[in-house]
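In case you want the letters, here they are:
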Amino acid sequence: MELRWLEDFIALARTRHFSRAADEQNVTQPTFSRRIKLLEEEMGTTLINRQTLPLSLTPAGEEFLALCEQTTDRIRLTRERIARLNEVQSRRLLLAAPQGLLSYFLPAWLEQQAPDPPIQLNLRATSWLVPDYFQALERGECDLAVSYWPVGRSPLELDTQAFEYKVIGHERLVPLTVPDGFGRPRFTLPSERRAPQPLIAYHAQGLMQATIDDHLARLPERCHFNVLAESVQSGNVRELVCLGHGLGWVPEGMVREDLSAKRLMPAGDAPWSIPLEVRLYRHREARQSGLEQFWSTVDTSTC
């Protein structure tokens, strides 16, 4: 039994006339009459009293009409709900970001954007390195990517010509340590070769560690470290630093409460801190519905 047969029957019950009902259903009368006959055969009973003028429904036809109306109404409402869901889904933008930015930067930033931005977070991206974000944008696995980025040149060779970005924030990587028993930094910069400082580092192939290494290489004083651990996520670096295992560079915005409560303190003065941008990237050729509209509303005036 087809849905259009039910719609045919409703039209016939409303018009009480085969020709007018066929016109409403945009079919010829012979085709329409054949479909009504197939419907009666399917139900195993006569639904239309053809001996009356105008046509009338048999008792079975009246019962069947109620079922037809209920069924077609439910299907119509379901179609409308599905269409609304599809519309919302088509406007939803999948955003990839590192764990650090998800934990403290993005919630406040998203609240400042256009009302109810259609953003869905890709949590798998919290373990990605920066090249993984560009590959995901290239493959359409995400629509937007947010990343820390060094001010000026990037120490990693990354081909970003296919992408465009907006600077949506500024940050600093700050070298941090726990205080000792006298309220002084347990670990300090710089450090000598004979007494290397324990370092909680980032992934050796990641942009964060490359940025730190590049910055240190341009300072007049040299540092020597004993790398105890490497991590993709700045949250993991912060946690190990808070446990007193070593010093590490952490985005300042992530540790403001730690600094205020003196759970952490700088391991070096201002030259050891590293300025960063927070960049929002998209693929230049992306045509996802809603992406252009959202991109145009991103406010960079307060950055």
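Residue numbering note: each chain is counted from 1, following its sequence as written. With pLDDT at 70 or above as the cut-off, local features in this predicted model cover only qualifying residues; side-chain atom pairs require 80 or more to be listed or tallied, and sums for whole chains, interfaces and linings still use all residues. Only heavy atoms go into the side-chain values, all of them from the structure, while hydrogens and water stay out.

J.: Whenever I open this one, the nonpolar core confuses me. Can you help?
T.: In summary, soluble globular proteins display a tendency toward joint burial of nonpolar side chains. Among buried residues, the Ala, Val, Leu, Ile, Met, Phe, Trp, Tyr and Cys ones that are joined through side-chain atoms within 4.5 Å form a nonpolar core. Partly exposed residues are those whose accessible area sits between 20% and 50% of the maximum for their type, while under 20% is buried and over 50% is exposed, using a 1.4 Å probe and protein chains only. With 47 residues, the main nonpolar core has Trp109, Leu144, Val146, Trp249 and Leu280 as its most contacted residues. Contacts of Trp249, omitting those with residues within four sequence positions, involve Leu173, Val174, Pro175, Leu189, Leu199, Tyr202, Ile212, Leu216, Phe225, Val237, Trp272 and Ile274. Leu6, Phe9, Ala13 and Cys68 belong to the second-largest nonpolar core, a separate cluster that totals 20 residues. Contact definition: two residues touch when any of their heavy atoms are within 4.5 Å.

J.: I'm lost on empty space enclosed by the protein in this one. Help?
T.: Where empty space is left becomes clear once a probe the size of a water molecule has been rolled over the atoms. In this analysis a 1.4 Å probe is tested at points of a 1 Å grid over the protein atoms alone, and where it fits but cannot get out there is a cavity; an open set with protein on both sides within 12 Å along at least five of seven lines is a pocket; lining residues have an atom within 4 Å of a point. Grid points are joined across faces, edges and corners, and a volume is the space filled by probe spheres set on the points. Per the stated rule, a full pass over the model turns up two cavities of 30 Å³ or more. Of the voids in this model, the largest cavity is the one considered here, and its volume is about 230 Å³. Pro98, Trp128, Val130, Met208 and Val232 are, among the 20 residues lining the largest cavity, the residues nearest its centre. Top element by residues in the lining of the largest cavity is helix 8 (residues 207-217). It accounts for three residues. Any residue outside Ala, Val, Leu, Ile, Met, Phe, Trp, Tyr, Cys, Pro, Asp, Glu, Lys and Arg is labelled polar, Gly included; the first ten of those are nonpolar and the last four are charged. In terms of residue class, the lining of the largest cavity is made up of ten nonpolar, ten polar and no charged. Here the second largest cavity defines a volume of roughly 30 Å³. Around the second largest cavity sit Val130, Tyr133, Phe134, Ala145, Ser147, Trp149 and Tyr281, which together line it. A helix here means a DSSP run of H or I that spans at least four residues, while a strand means a run of E at least two residues long, and both kinds are numbered starting from the N terminus. Of all the secondary structure elements, the ones that give two or more residues to the lining of the second largest cavity are helix 7 (130-139) and strand 5 (144-150). The class makeup of the residues in the lining of the second largest cavity is six nonpolar, one polar and no charged.

J.: So what exactly am I meant to see when it comes to unusual backbone geometry here?
T.: Excluding glycine, most residues fall at negative phi; most peptide bonds, likewise, are trans. In the segment running from Leu53 into Pro54, the intervening peptide bond is cis, with an omega of -10°. Of note, Pro54 is situated in the loop between strand 1 (48-49) and strand 2 (56-57). Look at the link from Leu189 to Pro190: it is a cis peptide, with omega at 0°. Structurally, Pro190 can be placed in the loop between strand 6 (163-177) and strand 7 (197-202). For Arg16, which is not glycine, the phi torsion reads 55° and is therefore positive. Considering the arrangement of structural elements, one finds Arg16 in the loop between helix 1 (3-15) and helix 2 (18-24). Arg16 sits in the partly exposed class, given a relative accessible area of 28%. The backbone phi angle of Lys262 is positive, close to 60°, even though this residue is not glycine. Examined against the element boundaries, Lys262 turns out to sit in the loop between helix 10 (256-260) and strand 10 (265-266). Of the residues examined, Lys262 reaches a relative accessible area of 65% and is grouped as exposed.

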